[in-house]
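Listed below, chain by chain, are the residues.
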Amino acid sequence: MHSSIPAAKTLQCSENFLFCQWRIPCKHHSHSKLVYLSQSSFLRNKRSPKWDKFTFIQKDRIQCQALKTENTPFSVGKKFQLDDVIEAQQFDRDTLSAIFEVARDMEKIEKNSSGSRILRGYLMATLFYEPSTRTRLSFESAMKRLGGEVLTTEDAQEFSSAAKGETLEDTIRTVEGYTDIIVMRHFESGAAQRAATTADIPIINAGDGPGQHPTQAFLDVYTIEREIGKLDGIRVGLVGDLANGRTVRSLAYLLAKYKDVKVYFVSPDVVKMKDDIKDYLTSKGVEWEESSDLMEVASRCDVVYQTRIQRERFGENIDLYEEARGKYIVSPAVLEVMQKHAVIMHPLPRLDEITVDVDRDPRAAYFRQAKNGLYIRMALLKLLLIGW
Amino acid sequence: MHSSIPAAKTLQCSENFLFCQWRIPCKHHSHSKLVYLSQSSFLRNKRSPKWDKFTFIQKDRIQCQALKTENTPFSVGKKFQLDDVIEAQQFDRDTLSAIFEVARDMEKIEKNSSGSRILRGYLMATLFYEPSTRTRLSFESAMKRLGGEVLTTEDAQEFSSAAKGETLEDTIRTVEGYTDIIVMRHFESGAAQRAATTADIPIINAGDGPGQHPTQAFLDVYTIEREIGKLDGIRVGLVGDLANGRTVRSLAYLLAKYKDVKVYFVSPDVVKMKDDIKDYLTSKGVEWEESSDLMEVASRCDVVYQTRIQRERFGENIDLYEEARGKYIVSPAVLEVMQKHAVIMHPLPRLDEITVDVDRDPRAAYFRQAKNGLYIRMALLKLLLIGW
Amino acid sequence: MHSSIPAAKTLQCSENFLFCQWRIPCKHHSHSKLVYLSQSSFLRNKRSPKWDKFTFIQKDRIQCQALKTENTPFSVGKKFQLDDVIEAQQFDRDTLSAIFEVARDMEKIEKNSSGSRILRGYLMATLFYEPSTRTRLSFESAMKRLGGEVLTTEDAQEFSSAAKGETLEDTIRTVEGYTDIIVMRHFESGAAQRAATTADIPIINAGDGPGQHPTQAFLDVYTIEREIGKLDGIRVGLVGDLANGRTVRSLAYLLAKYKDVKVYFVSPDVVKMKDDIKDYLTSKGVEWEESSDLMEVASRCDVVYQTRIQRERFGENIDLYEEARGKYIVSPAVLEVMQKHAVIMHPLPRLDEITVDVDRDPRAAYFRQAKNGLYIRMALLKLLLIGW
């Protein structure tokens, strides 16, 4: 119905103006340059994965909508579905690849300029029901590096405190009125999905109890690609607490999306990888094996992914904990058998499962890995707020 | 003494420059466009409701002062008295109306543009002696939506911790050196007034114990006007805990400023509205009646203002609490008898005094009400920092 | 090797552009105007006190380096060593003087304009392992008054919480990836130095246990210079808890850098100044004496520096505390004997060691002193991030 509308005025405007005035993501192939338009703050409040559900007010906004719904000779399909980031598995290989491409742009933005203003005027709330300073700082830094602003809530628990007892849904409905995107950490599995179902603005899951922590999984895969240069055909040794570690489980799920991957599990008996992941890998054709020989595995792998044995999982069995904890330590001896191109990763914080004298080796990738979390989060914030 | 000074240089500058360089609120009728000038950061430190008390340094600042004190053919009178926001009763009907007008502008700013810079360069401190994440986020969002910056203090209690014992007055004197406006939440009635008496910068009371929470009262009245379209002649049913609810008491005070208002009180016997409010309404000519029939009241009212029965008020009398709590629930049955134009309000958080299946009805106004808190706070920040 | 490179393009750019694109501090005498260039965010990550250790990526960055290493006909020497602020003693008299000069510029910036953008694009993290709202707000205000952004961490303790046990070094390595400068408060003496040794970005010590609190010492000396107009030849009475007070000890160290200074110690016997400071002053040729007559000392001094008797130092000896606490009170009677130009200082918070009726006297300098903390911190942030 709008097929004849050229929307010329819009497309002649400067990129800056487009951001300010339009904020509707769209690509127009008849122009030589890719034009990003993001959702306006008005539209964000009525946003929908399908554009034709938008209610527009001004005439030329309808024109721009027309561009999207009728003139687009290209397939952006799924990309526009990036409404929330709830669990790692929701993303396919192409989407991951596209996110990583944006993350690499973010590395340039963070390193070369004096501060991007891409997300100027946008407001992110960090709604943390349990403390996680590391994750919170990483998201807040990401937002601010892109020129956005942050509302911090470290004590979101206060919303639902004993005397008050507000539901998560009511809290989300209130907070979404104050901000453009919510980054939520919760102690209950499934909380992020409940928030996303309620909210009209994007939700990013920054960890919900034993459930998901998708941005950690993304940064792990991104780090492997950045350090090793590929994802197909890689060999990854997962070491340490494989029974309780949320990160290794999510990583296994994501690795299954790539070809010819081989996974080694190296862990004390009490914290072995559970069958659900093994079955999943098998069903996806991913080769895996368990080993008790860290040196052997380290010599074969591209990536040694070490994790912390979590004391709190052992209750009063301190003996079992101490035994498990000392069993597989990454030390200079492990470095000696590792290949030159291989790397050691760790989700941090670490105790002594990687000795400090390993840090100096260029193959110690864990602090670079932490930094990659910044780029991944910058990329996701950009994608959720202003589109591809 | 300055009557012949045209202050031409100043008035020819762009609005942006005026904000940056002058920040002195004044209107000049010989120009077609209303020019807002706000207090400079220097002046703010020596600010006074009467302009001629200002000590100016630069010559042309004196000129601008002259414009105000001698050339102004209009009455801005009381409006410039908005130095602090301490209690709801301090505001008369005209001032409320003016604040609401600014709040409506703020709705447009928040919805249509990519981020206002009206308060750029201004710094607000949230000094919270008890947690109130909802209120804090609302104020911080308001400041950031206008381009201002925020210093957050959720643990202001630390200032006066046991070992240290600093007075509120000393704390205020220190903090006012770091910021342009203070939003304070305190557990003691009267604390906000003490802060305002001490500070040379504006103070906003974000709740002081059982005392006042004026911005909540404003947003309630603003919501009634926005939803019903009028304030004179409205019928409001106050439901729930009327004895302890700070919001219903403040709302009653403000409603008394309007004409032909009728108030219904619907509450369990143990938490009935106290006599002081009843006497006040009578003295102001406001009609009121108590009722135990929520359905009857709901069918007559424009606004059903539900509140939470606060368990903490009942001590160990859990039975009394449970009885009071279940007595007046707003459910779809209540919606059925309500008029089509009427609305349900609630200060939030709610437990089950409004059932979740009411949320879908367009007359459920409580989340819009929470959002209105943002606009009211944006308006007040603008008015206190840069004037009308 | 770069001596023939004029780097013309760079130097023709506007100051703003230089900040944005270069961020490398350097002065070029062949130009009439002092040109400040600060480190780029890339360079900041590989920063070194000696410029020739920088690894540059782009060709014209090497040109600018050349300007510094080969063309500079002036001595900027030590000034560029301002990489971290760990302890007050690390600064010599000339450096202090230079810092104070920048602090005075900061007073102008804070008072006269609508918000500086000098540090736009820069991010500061406040990493506080123990609460100190006053100090935190002062630093955060300083950063924001200069246009910079802040990541707040009031619960940095969470990084090394029982279950996790991360080392300070690992925490610093992670956080430095998210920010440009870290302001750290810690409960352990020496923690700031450990952080600075680890970090590639600047660290400011905001107090490390019984150790140092250098920015407090700077603001004290700065206040004396601002209030009295000189530092050589001044007479300072240190009053109160001289045994435990970190501030008076640091102040004594710094005063020893000036000429003809005379220091009086006035304290209850149980909290007398320790011998190490007395010996230090003697070794530096600073005259000092102990006195039990506050009135006598007050009549002679330029500065009466009162401090709080810290109850927590007395354990269960409440009697001793009460006796010590009441012994030397600064009251209007003390004001009467003080000289007209003299001032009363106090690091705050105060209890009743200065009576409230002293506040009105213009010689009560303690709130101005607190405000000076803002200027000193603005100056240090500017110097550490973009140079002199």
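The rules behind each value
- Residues numbered from 1 in each chain as written.
- Chains lettered and ligands numbered in written order.
- Predicted model: local features only at pLDDT ≥ 70, side-chain atom pairs only at ≥ 80, totals over all residues.
- Heavy atoms only, no water.
- UniProt positions renumbered as here; feature names shortened; annotations may be inferred.
- Helix = DSSP H or I, 4+ residues; strand = E, 2+ residues; numbered from the N terminus.
- Buried < 20%, exposed > 50% of the residue type's maximum accessible area, 1.4 Å probe, protein only.
- Contact = heavy atoms within 4.5 Å.
- Areas by Shrake-Rupley, 256 points an atom, 1.4 Å probe, with all protein chains shown as cover.
- 1 Å grid on protein atoms, 1.4 Å probe; cavity = no way out; pocket = protein on both sides within 12 Å on 5 of 7 lines; lining within 4 Å.
- Points joined across faces, edges and corners; volume = space filled by probe spheres on them.
- Nonpolar A, V, L, I, M, F, W, Y, C, P; charged D, E, K, R; others polar.
- Least-squares fit on C-alpha atoms with pLDDT ≥ 70 in both.
- Axes fitted to C-alpha atoms, helices over the stretch in contact; angles between N-to-C directions.
- Left-handed = near helix turned anticlockwise from the far one by under 90°.
- Pairing = 2+ DSSP bridges.
- Right-handed = clockwise from strand over helix to strand, strands pointing away.
- Phe/Tyr/Trp six-rings, centres within 6.5 Å; stacked < 30°, edge-to-face > 60°.
- Lys NZ or Arg CZ within 6 Å of the ring centre and 35° of its normal.
- Buried area = accessible area lost by both parts, 1.4 Å probe.
- Salt bridge = Lys/Arg side-chain N within 4 Å of Asp/Glu carboxyl O.
- Polar contact = N/O pair within 3.5 Å; in protein donor to acceptor, adjacent residues only side chain to side chain.
- Parallel < 35°, antiparallel > 145°, perpendicular 65-115°, else oblique.

Under an unreviewed UniProt entry, chain A has the name aspartate carbamoyltransferase and belongs to Quillaja saponaria. Under the UniProt heading Catalytic activity (unreviewed entry), the entry covering chain A gives this text: "carbamoyl phosphate + L-aspartate = N-carbamoyl-L-aspartate + phosphate + H(+)".

Peer 1: Requested: an account of the overall build of chain A, with residues and values cited.
Peer 2: Across its full length, chain A holds 15 helices and nine strands. Within chain A, buried positions represent 61% of all 388 residues. For chain A, the proportion of contacts with a sequence separation of at least 24, taken over those separated by at least 6, is 69%. In the structure as shown, chain A presents an accessible area of about 15000 Å², 47% of it carried by carbon and sulfur atoms.

Peer 1: Kindly report on empty space enclosed by the protein, identifying the contributing residues and their values.
Peer 2: The final tally for this structure, using the stated rule, is 17 cavities of 30 Å³ or more. Within this model, the largest cavity holds a volume of roughly 670 Å³. Forming the walls of the largest cavity are 43 residues, and the residues nearest its centre are Arg 117 and Glu 149 of chain A, Arg 117 and Glu 149 of chain B together with Glu 149 of chain C. Breaking the lining of the largest cavity down by element, the ones donating at least two residues are helix 3 (41-44) and helix 6 (133-145) of chain A, helix 5 (93-112) and helix 6 (133-145) of chain B together with helix 6 (133-145) of chain C. Class assignment for the residues of the lining of the largest cavity results in seven nonpolar, 18 polar and 18 charged. The computed volume of the second largest cavity comes to approximately 250 Å³. Forming the boundary of the second largest cavity are 20 residues, of which Glu 140 and Thr 152 of chain A, Thr 152 of chain B together with Glu 140 and Thr 152 of chain C lie nearest the centre. Taken together, the elements giving at least two residues each to the lining of the second largest cavity come down to helix 6 and strand 2 (149-153) of chain A, helix 6 and strand 2 (149-153) of chain B together with helix 6 and strand 2 (149-153) of chain C. The residue makeup of the lining of the second largest cavity, split by class, is five nonpolar, three polar and 12 charged.

Peer 1: Give me the lowdown on the relation of the copies chain C and chain A, citing residues and values where you can.
Peer 2: Superposing chain C onto chain A requires a rotation of 120 degrees together with a translation of 0.0 Å along the rotation axis, leaving an RMSD of 0.0 Å. These values place the two chain copies in the arrangement generated by a three-fold rotation axis.

Peer 1: Run through the side chain of Ser 138 of chain C, naming residues and quoting values.
Peer 2: Among the structural elements, Ser 138 of chain C can be located in helix 6. Once you skip the residues sitting within four places of it in the chain, Ser 138 of chain C turns out to touch Tyr 178 of chain B together with Gly 373, Leu 374 and Arg 377 of chain C.

Peer 1: Kindly report on the packing of helix 9 (residues 214-228) of chain A against helix 15 (residues 366-386) of chain A, identifying the contributing residues and their values.
Peer 2: Residue and element names in this part refer to chain A. Contact pair helix 9 / helix 15: the axes reach a minimum separation of 8 Å and the direction vectors enclose 115 degrees. Helix-helix and strand crossings are classified by hand; for helix 9 and helix 15 the assignment is right-handed. Contact with helix 9, carried on its side by Thr 215, Gln 216, Phe 218, Leu 219, Asp 220, Tyr 222, Thr 223 and Glu 227, involves Arg 368, Gln 369, Asn 372, Gly 373, Tyr 375, Ile 376, Arg 377 and Leu 380 of helix 15 and no other residues of that element. Its residues assigned to classes, the contact of helix 9 with helix 15 shows six nonpolar, six polar and four charged.

Peer 1: A description of the sheet that holds strand 4 (residues 203-208) of chain C should follow, citing residues and the corresponding values.
Peer 2: Residue and element names in this part refer to chain C. The strand order 2-1-3-4 describes an open sheet built from four strands, whose pairing is parallel. The sheet is open, and its two borders are formed by strand 2 and strand 4, each paired with just one other strand. Within this sheet the neighbouring strands show an average axis-to-axis angle of 15 degrees, counted without direction. Bridge count for strand 1 (residues 123-128) against strand 3 (residues 181-186) is five bridges, and the pairing is parallel. Looking at the pairing, Met 124 lines up with Ile 181 of strand 3.

Peer 1: Which residues make up the pairing of strand 2 of chain C, and what are the values?
Peer 2: Residue and element names in this part refer to chain C. Of all five residues that make up strand 2, four are buried, and the element is covered over most of its length. With five bridges connecting them, strand 1 and strand 2 associate as parallel partners. If you follow Met 124 over to strand 2, its bridge partner there is Val 150. In terms of handedness, the path from strand 1 via helix 6 over to strand 2 forms a crossover that is right-handed.

Peer 1: Talk me through the packing of aromatic side chains; I want residue IDs and the actual numbers.
Peer 2: Evaluation of the coordinates by the stated rule reveals 21 aromatic pairs over all chains. Measuring from ring centre to ring centre gives 5.3 Å for Phe 100 of chain A and Tyr 222 of chain A, while their planes differ by 55 degrees; the resulting arrangement is tilted. Of this pair, Phe 100 of chain A sits in helix 5 (residues 93-112) while Tyr 222 of chain A sits in helix 9, and the two are 122 residues apart along the sequence. Note on Tyr 222 of chain A: relative accessible area 0%, which makes it buried. Taking NZ or CZ as reference, Arg 377 of chain B lies 4.9 Å from the ring centre of Phe 139 of chain B, over its face.

Peer 1: Now, about unusual backbone geometry: what can you tell me, with residues and values included?
Peer 2: All names here are of chain A. With an omega dihedral of 0 degrees, the bond running from Leu 348 to Pro 349 counts as a cis peptide bond. Position of Pro 349 among the secondary structure elements: in the loop between strand 9 (343-345) and helix 15. The backbone of Asp 260 sits at a positive phi, close to 55 degrees, despite the residue not being glycine. Position of Asp 260 among the secondary structure elements: in the loop between helix 10 (246-255) and strand 6 (262-266). Its relative accessible area of 69% is what places Asp 260 among the exposed residues.

Peer 1: Pulling in residues and values, what's your account of the interface of chain C and chain A?
Peer 2: Facing the 30 residues of chain C at the interface are 31 residues of chain A. For the pair chain C and chain A, the two sides together bury roughly 2800 Å², of which 47% comes from carbon and sulfur. The tally of links between chain C and chain A comes to five salt bridges. The interface formed by chain C and chain A holds 11 residue pairs in polar contact (both at pLDDT 80 or more) in total. Taken together, the elements giving at least two residues each to the side of chain C that touches chain A come down to helix 2 (15-21), helix 3 (41-44), strand 2 and helix 7 (168-175) of chain C. By residue number, the principal contributor to the side of chain C that touches chain A is strand 2 of chain C, which donates five residues. Taken together, the residues of the side of chain C that touches chain A sort by class into 10 nonpolar, nine polar and 11 charged.

Peer 1: Account for the packing of helix 6 of chain A against helix 15 of chain A, naming residues and giving values.
Peer 2: Residue and element names in this part refer to chain A. In contact at an axis separation of 8 Å, helix 6 and helix 15 are set at 55 degrees when each is read in the N-to-C sense. Of the possible angle classes, the one that applies to helix 6 and helix 15 is oblique. In the crossing of helix 6 with helix 15, the sense of the turn from one axis to the other is right-handed. Contact residues: helix 6 offers Thr 135, Ser 138, Phe 139, Ser 141, Ala 142, Met 143 and Arg 145, while helix 15 offers Gly 373, Leu 374, Arg 377, Met 378, Leu 381 and Leu 385. For the contact of helix 6 with helix 15, the residue count by class is seven nonpolar, four polar and two charged.

Peer 1: Can you break down the interface of chain B and chain A residue by residue, with the values?
Peer 2: The interface is formed by 31 residues belonging to chain B together with 30 residues belonging to chain A. Carbon and sulfur atoms make up 47% of the area that chain B and chain A hide from each other, which totals about 2800 Å². Between the two partners, chain B and chain A, sit five salt bridges. Here Asp 359 of chain B ties to Arg 173 of chain A by a salt bridge, and the two come within 3.7 Å at their closest N and O atoms.

Peer 1: Describe the sheet that holds strand 4 (residues 203-208) of chain A, naming the residues involved and giving the relevant values.
Peer 2: All names here are of chain A. Taken together, the four strands give an open sheet; going across it, the order is 2-1-3-4, and neighbouring strands pair in parallel fashion. Since the sheet does not close on itself, it has two edges, and those belong to strand 2 and strand 4, each with one partner. Direction aside, neighbouring strands of the sheet carry axes that sit 15 degrees apart on average. Note: strand 3 (residues 181-186) against strand 4, four bridges, orientation parallel. Its bridge partner being in strand 4, Met 184 is matched across the sheet by Asn 205. Running over the sheet, helix 6 touches strand 1 (123-128), strand 2, strand 3 and strand 4 and is turned about 175 degrees from strand 1. Sheet strands touched by helix 8 (residues 191-198): strand 3 and strand 4. Its angle to strand 4, the strand with the most contacts, is close to 165 degrees.

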